[in-house]
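Summary of structural features
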Amino acid sequence: MVISKDTYSKWLDHPYMLDKVEVDALNELIGVFPFCQTNHILYSIGLQNIESLNFNQTLKKTAAYA
């Protein structure tokens with residue numbers, strides 16, 4: 001999984017614009033870099049954006065990583 005620096009910066013600048021495709025990419029990034037708390041935070045925000053049922057469970061895990 002290769003994410004460009006510009007794409008990642010866009011996610012950081014506008015986290016509430018994350019959609020399903022970007023959430024899936026963040027999930028893959030978490031698999032590669034499991035201890036990067038920024039990825040977990042962005043992933044949680046993305047799940048909230050798409051109103052995922054997994055949001056509450058993931059939020060607990062994100063809090064532990066942060």
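Residues numbered from 1 in each chain as written. Predicted model: local features only at pLDDT ≥ 70, side-chain atom pairs only at ≥ 80, totals over all residues. Heavy atoms only, no water.

For E51, which is not glycine, the phi dihedral falls at a positive 55°. Mapped onto the secondary structure, E51 falls in the loop between α3 (37-49) and α4 (55-65). (Helix = DSSP H or I, 4+ residues; strand = E, 2+ residues; numbered from the N terminus.)

As a further point, take the side chain of T58. Residue placement: T58 occurs in helix α4. Apart from residues lying up to four places away in sequence, T58 is in contact with Y43, S44 and L47. (Contact = heavy atoms within 4.5 Å.)

What follows is about the pattern of salt bridges. One pass over the structure, following the stated rule, counts two salt bridges. For E22, the salt bridge identified is with K10, shortest N-O distance 3.4 Å. Here the residue E22 occupies a position in helix α2 (residues 20-32), and K10 occupies one in helix α1 (residues 5-13), the gap between them amounting to twelve residues. K10 sits in the partly exposed class, given a relative accessible area of 44%. Between D24 and K20 there is a salt bridge whose closest N-O contact spans 3.1 Å. Taken together, the residues span about one helical turn, with D24 and K20 both in helix α2 at a distance of four residues. Judged by relative accessible area, which is 34%, D24 ranks as partly exposed. (Salt bridge = Lys/Arg side-chain N within 4 Å of Asp/Glu carboxyl O. Buried < 20%, exposed > 50% of the residue type's maximum accessible area, 1.4 Å probe, protein only.)

By size, the foremost hydrophobic cluster in this structure holds eleven residues: W11, L18, V23, A25, L26, L29, I30, L42, Y43, L47 and F55. Contributions of two or more residues to this core are made by α2 and α3. Looking at this core element by element, the count peaks at five residues for α2. Among all residues touching A25, those that are not within four sequence positions of it are M1, I3 and W11. (Core = buried A, V, L, I, M, F, W, Y, C linked by side-chain atoms within 4.5 Å.)

A cluster of nonpolar side chains, M1, V32 and F33, forms an exposed patch at the surface whose accessible area comes to about 300 Å². Mapping V32 onto the fold places it in helix α2. (Patch = residues over 30% accessible without salt bridge, like charges linked within 9 Å, V, L, I, M, F, W, Y side chains within 5 Å. Areas by Shrake-Rupley, 256 points an atom, 1.4 Å probe, with all protein chains shown as cover.)

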